Amino acid sequence: MKIVRAGSLIDGTGAPPVRDAAVLIRDGRIEAVTTASPRASWPADAEVIDGSRLTLLPGLIDCHDHLAFHGYELVRRWGLDEPQSTRHLRTAQVASQILASGYTAVRDAGGLDAGFRLAIQEGLITGPRLVLALAIISPTGGIGDRISPSGHVSSFLHDPSLPPSVTNGLEGVRTTVRTMVRAGADVIKCATTGGASSRAGHGPKDSAFSLDEMKALVEEAHALGRRVMCHAVGGPGLRLAIEAGVDSVEHGCYLDDDRELIPMMAERGTFFVPTLTVYEYHRESPAPHVRERARALRSHHLESVGRALAAGVKVVAGTDAGGHGHPNNALELEHLVAAGMTPQVGGSRSRRRRPVTGHPRASGRATHQAGDQGWGGRDRTRLGLPLRAVLSLPTVRAARDTPHRRSAQG
Ligand SMILES: [Zn+2]
């Protein structure tokens, strides 16, 4: 038996924090949670983990991260500036730091191959449980199409662990989905618009994929038991993604442009992963077109989050970290609270302001366990009885704070 003593316990149900609690865990399951915990009554052979000066909470989830990305520069994105082994070890370090910061599950939105999931499962490295997309499926010219500003493609970098993700037509998208699943994808990532950091000429409101292509992609993914997370920022491509039945809209900055979209998402149960953190960086990007796009969409983005919360859309946390370095994933929680979520512990007490299911950390800042349903994982991490024990005693404030002023192109 393990006994975790907690100075403060957040149980993730919406109840207020409990002081001086103890959680009894047997065979990986929570057997009891108590505040009356005289040591004498604990089994003599129990292993006591002393977190009496820390806050204990259910593991946090980042629903949109890129653990294997380490910069937006072309040489970084194409893996030209260091040996692959060095990059992999760098990624492993990020995985370990994210776990230490309290995140026990991460949905990787592209770039991380299935070998990392295996390595964590085998105990070769430490890291959060992973839900992997492997690569971003897009048509020619979309955000998954790795092309330099001069028009060159990186055809010399084929890696079978990250299958080719540029495809066109109904047959193409179906085959590509199957190929991703064959290579180990837990969730299918696609893109129906450009973004802030995509190449000049393919911006946030520019479309990628037709409705028929997206319907085929979603149908194929669902047939294989995979959810679809779709990068969709604005314009016709955003509407098309929702109509095609994707399971989550990533970014969704211009959802406020079309009054029908948020009600559609609420009705269909489509999750919204705003990824507010990444746009903080894009607004300071050295690339003028990226800066301009990120500044133009900011007020729409905040408005979209506010309206989605009011409409009852399930809004969950994702940092889109990687290109801008790997800051503390909990930054997203602060941004979500600033955008209208309540910092209060979970549940559904608030009407207008939907609470985040999180906790005030020792720092006094709001944090959040977001997206325990929305991330595409097959099990849940909510603290309760008798759920599997996936608890977190965050001991590291930031996974890694790296400079964010990086060139953004492509
Ligand atoms: Zn992303």
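In this text, all values refer to a predicted model and were calculated from it rather than measured experimentally.

A. Highlighting the confidence of the model for the protein. In this model, the protein carries an average pLDDT of 84, and 82% of its residues clear a pLDDT of 70 or more. Counted against residues more than four places away or in other chains, residues 345-387, with its pLDDT under 50, gives 125 contacts. Confidence drops under a pLDDT of 50 for residues 396-410, and excluding neighbours within four residues, the segment shows 53 contacts in the predicted structure.

B. Representation of the sheet that holds strand β12 (residues 271-273). Judged by pairing direction, the sheet is parallel, and its five strands sit side by side in the order β8-β9-β10-β11-β12 without closing on themselves. Pairing within the sheet leaves two strands with one partner each, and these edge strands are β8 (136-137) and β12.

C. Quick peek at unusual backbone geometry. In this structure, His 251 takes a positive phi of about 80 degrees despite not being glycine. Among the structural elements, His 251 can be located in strand β11 (residues 248-251). Of the residues examined, His 251 has 30 C-beta atoms within 10 Å and is grouped as buried. A positive phi angle, close to 45 degrees, is found at Thr 275, a residue other than glycine. Mapped onto the elements, Thr 275 comes out in the loop between β12 and α8 (276-282).

D. Summary view of helix α4 (residues 169-182). Here α4 contains 14 residues, and its C-alpha end-to-end distance of 20 Å stays within 8% of the 20 Å for a straight helix at 1.5 Å per residue. Those residues of α4 that sit buried are Val 173, Thr 176, Val 177, Met 180 and Val 181. An end-on view of α4 places all buried positions within 135 degrees of arc, on one side of the element. Summarising the geometry of α4, the exposed residues directed more than 90 degrees from the buried face are Glu 171 and Arg 182. The inward-facing, buried residues of α4 contact β8, β9 (187-191) and α5 (211-223). Remark: Gly 184 follows α4 within two positions and exhibits a positive phi of approximately 110 degrees.

E. Expanded view of the pairing of strand β1 (residues 2-9). The buried fraction of β1 is high, at six of eight residues. Of the strand pairs in this sheet, β1 and strand β4 (residues 47-58) are connected by seven bridges, and their pairing is parallel. Its bridge partner lying in β4, Ser 8 is registered against Thr 55. Bridge analysis of β1 against strand β2 (residues 18-26) gives seven bridges, and the strand direction is antiparallel. Paired with Lys 2 across the bridge in β2 is Ile 25.

F. Geometry of the packing of α5 against helix α6 (residues 236-244). Look at α5 against α6: their axes get within 9 Å of each other, and the N-to-C directions meet at 40 degrees. By the angle between their axes, α5 is oblique relative to α6. As α5 packs across α6, the resulting crossing turns out to be right-handed. Contact residues: Leu 211, Met 214, Lys 215 and Val 218 in α5; Leu 240, Ala 241, Glu 243 and Ala 244 in α6. Here the residues of the contact of α5 with α6 sort into six nonpolar, no polar and two charged.

Calculation criteria
- Think of each chain on its own: its residues are numbered from 1, step by step along the sequence as written.
- At least 70 in pLDDT is required for a residue's local features to be given in this predicted model, at least 80 for side-chain atom pairs to be given and counted, and no such filter applies to totals for whole chains, interfaces and linings, which use all residues.
- A residue's pLDDT is simply how confident the predictor is in it, with values from 0 to 100.
- Once C-beta atoms are placed from the backbone, any two residues with those atoms within 7 Å are in contact.
- Two strands are said to pair when DSSP picks up at least two bridges between them.
- Note on conventions: DSSP H or I runs of at least 4 residues are helices, E runs of at least 2 residues are strands, and numbering of each starts at the N terminus.
- Exposed residues have 12 or fewer other C-beta atoms within 10 Å of their own C-beta, buried residues have 20 or more, and partly exposed residues fall in between, where C-beta atoms are placed from the backbone.
- By this rule the span expected of a helix is its residue count minus one, scaled by 1.5 Å.
- Each C-beta atom gives one direction from the helix axis, and the arc is the one those directions make.
- For every element, the axis is a line fit to its C-alpha atoms; helices are fit only across the contacting stretch, and the angle between N-to-C directions ranges from 0 to 180 degrees.
- An angle counts as roughly parallel when it lies under 35 degrees, as roughly antiparallel when it exceeds 145, as roughly perpendicular when it falls between 65 and 115, and as oblique in every other case.
- Helix crossings are classified by the rotation of the near helix relative to the far one: an anticlockwise turn of less than a right angle makes the crossing left-handed, while a clockwise turn makes it right-handed.
- In this classification, Asp, Glu, Lys and Arg are treated as charged, Ala, Val, Leu, Ile, Met, Phe, Trp, Tyr, Cys and Pro as nonpolar, and every other residue, Gly included, as polar.

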